[in-house]
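Spelled out, the chains give:
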Amino acid sequence: MATQLHDVRMRTRRLTEDLSTRQLMGPMLPIVNPVLWEIGHVGWFHEYWTLRHAHGEAPGLDRADVLWNSSTVAHATRWDLNLPDRNGVFAYMADVLGRQIGRLSGGVDAGTRYFYELSIRHEDMHVEALAYTRQTLGYARPDGLGHPADQNAGPWPGDASVSGGRWRLGSTGADGFIFDNEKWAHEVDIAPFRIAKAPVTNAEFAAFVRAGGYRNRQFWSAAGWAWREGTGAERPVYWLETDGGYGTWRRYREVEPLAPHAPVMFVNWYEAEAWCRWAKRRLPTEAEWEAAALGEAAANGSCLADSKRRWPWGEAAPSSEHTNLGFAFDGPLDVAGCAAGDSAFGCRQMIGNVWEWTASDFVPLPGFAADPYEDYSRPWFNTRKVLRGGSWATSARIARPGYRNFFTPERNDVIAGFRTCAM
């Protein structure tokens, strides 16, 4: 547990410590936090749930709740708070970490361990958010996180056939730490379907852009068209038009070639839906996605087996041969990469590289009950779409196949793409 705390904090530091005082605040935008506020909030969350809630300690900073409780501090006010300066915030985080390590040296019971696991995963989420915040704000690429992404693997076209049958959607107590919105596994019926072996690539999405897909109303839902009209979107948010084509994009603050066989990313749910209509495809439901990732065919091949793999490739812990997770690489790989990570049905990169939008609304599973951190899931049901699989910036602790990520359908700042099914 102490090793995990140090590991995730190292990533937080590498994503923030090179930023200037001005960059640590940044402009007020509805989709990002001030970085200085965000890292203070991370430290506060650790202190609140482990040291204060589980161990009964007093706050290390009297006004910490007023500054960093995201449930009570309105987003738009976070730029106006009287925050400690950068040295003060980093010192607060270091103090919290030091006290946690001291507590762990004496051992913790299972109930207390839960709050450490929660706090580590919460920081994991903010690490990824810090990565795409740097992209949103056009800051420099962070140093020391991941090897350069290899773009020589090429495309991975075609569909995989997935047997229909009964599937247990959701997680169980045997899956280790899980979030409340994954509870509990329950049976659903799935008809046989065909799903792409890889996510949609930049080249495949560019064909839609060149065909005028952003200007053709027939490919867009009413809500999607309202978003497109309101924003004036003509292409994915960071793509740059050059000589009538789309061969470059803004990557952090630099202009780089757009890798044709890497998954398209920084596209929202509406854009994914429109591409599907143009291509006469559809997004998978989260049950279909999970069955394609973790399922196996029964011995007679006629239906899904009762078993569910831990990872698409089996029981082995993730490695860079299986998946692009946790900054193994500093960006997405070509979709044919990581062949060792194929699922039983032949789907590649279902974990890592890029989050994948699904057709499913973010709703509670049967029997849902909020965990102690009550604002994690419950306030957001029925307003968001489910994403699965994780990205190159996602920790393996978060990117378990059963993890249900969720964002509103207009968000195109997160590291998200999509995979499709045949109609």
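If you're wondering where the values come from, they're calculated on a predicted model, not measured in any experiment. (Residues numbered from 1 in each chain as written. Predicted model: local features only at pLDDT ≥ 70, side-chain atom pairs only at ≥ 80, totals over all residues. Heavy atoms only, no water.)

Caption draft 1: Expanded view of the sheet that holds strand S5 (residues 239-242). Pairing in this open sheet of three strands is antiparallel, and the strands run S5-S6-S7 from one edge to the other. Strand pairing shows two members of the sheet lacking a second neighbour, S5 and strand S7 (254-257), which therefore form its edges. Across the sheet, the mean angle from the axis of one strand to that of its neighbour is 40°, orientation sign disregarded. Against the sheet, helix H7 (residues 202-210) makes contact with S5 and strand S6 (245-251), and its axis sits at roughly 60° relative to S5, the strand it touches most. (Pairing = 2+ DSSP bridges. Helix = DSSP H or I, 4+ residues; strand = E, 2+ residues; numbered from the N terminus. Axes fitted to C-alpha atoms, helices over the stretch in contact; angles between N-to-C directions. Contact = heavy atoms within 4.5 Å.)

Caption draft 2: Representation of the pairing of strand S10 (residues 385-388) in the model. Here S10 shows no split at all, with Lys385 and Leu387 on one side and Val386 and Arg388 on the other all buried. Pairing of strand S9 (residues 355-361) with S10 involves three bridges; the strand directions are antiparallel. From the neighbouring strand, Asp361 faces S10, where its bridge partner is Lys385. Note: S10 against strand S11 (residues 405-407), three bridges, orientation antiparallel. Its bridge partner lying in S11, Leu387 is registered against Asn405. (Buried < 20%, exposed > 50% of the residue type's maximum accessible area, 1.4 Å probe, protein only.)

Caption draft 3: Spotlight on unusual backbone geometry. For the bond from Lys183 to Trp184, the omega torsion is -5°, close enough to zero to count as cis. Mapped onto the elements of the fold, Trp184 is located in the loop between strand S2 (165-169) and strand S3 (186-190). The phi dihedral of Gln349 is positive, around 60°, even though this residue is not glycine. For Gln349, a relative accessible area of 3% gives the class buried. Residue Asn382 is not a glycine yet carries a positive backbone phi of 70°. With respect to the helices, strands and loops of the structure, Asn382 is situated in the loop between S9 and S10.

Caption draft 4: Looking closely at the pattern of salt bridges. Per the counting criterion, the structure on display carries 39 salt bridges. Between Asp371 and Lys183 there is a salt bridge, with its nearest N and O atoms 3.0 Å apart. Placement of Asp371 in the loop between S9 and S10 and of Lys183 in the loop between S2 and S3 is noted, with a sequence separation of 188 residues between them. Taking relative accessible area as the criterion, Lys183 reaches 14% and is therefore assigned buried. Linking Asp342 and Arg348 is a salt bridge whose minimum nitrogen-to-oxygen distance equals 2.7 Å. One salt-bridge network, in which partners are shared between bridges, spans Glu47, Glu57, Asp95, Arg99 and Arg103. (Salt bridge = Lys/Arg side-chain N within 4 Å of Asp/Glu carboxyl O.)

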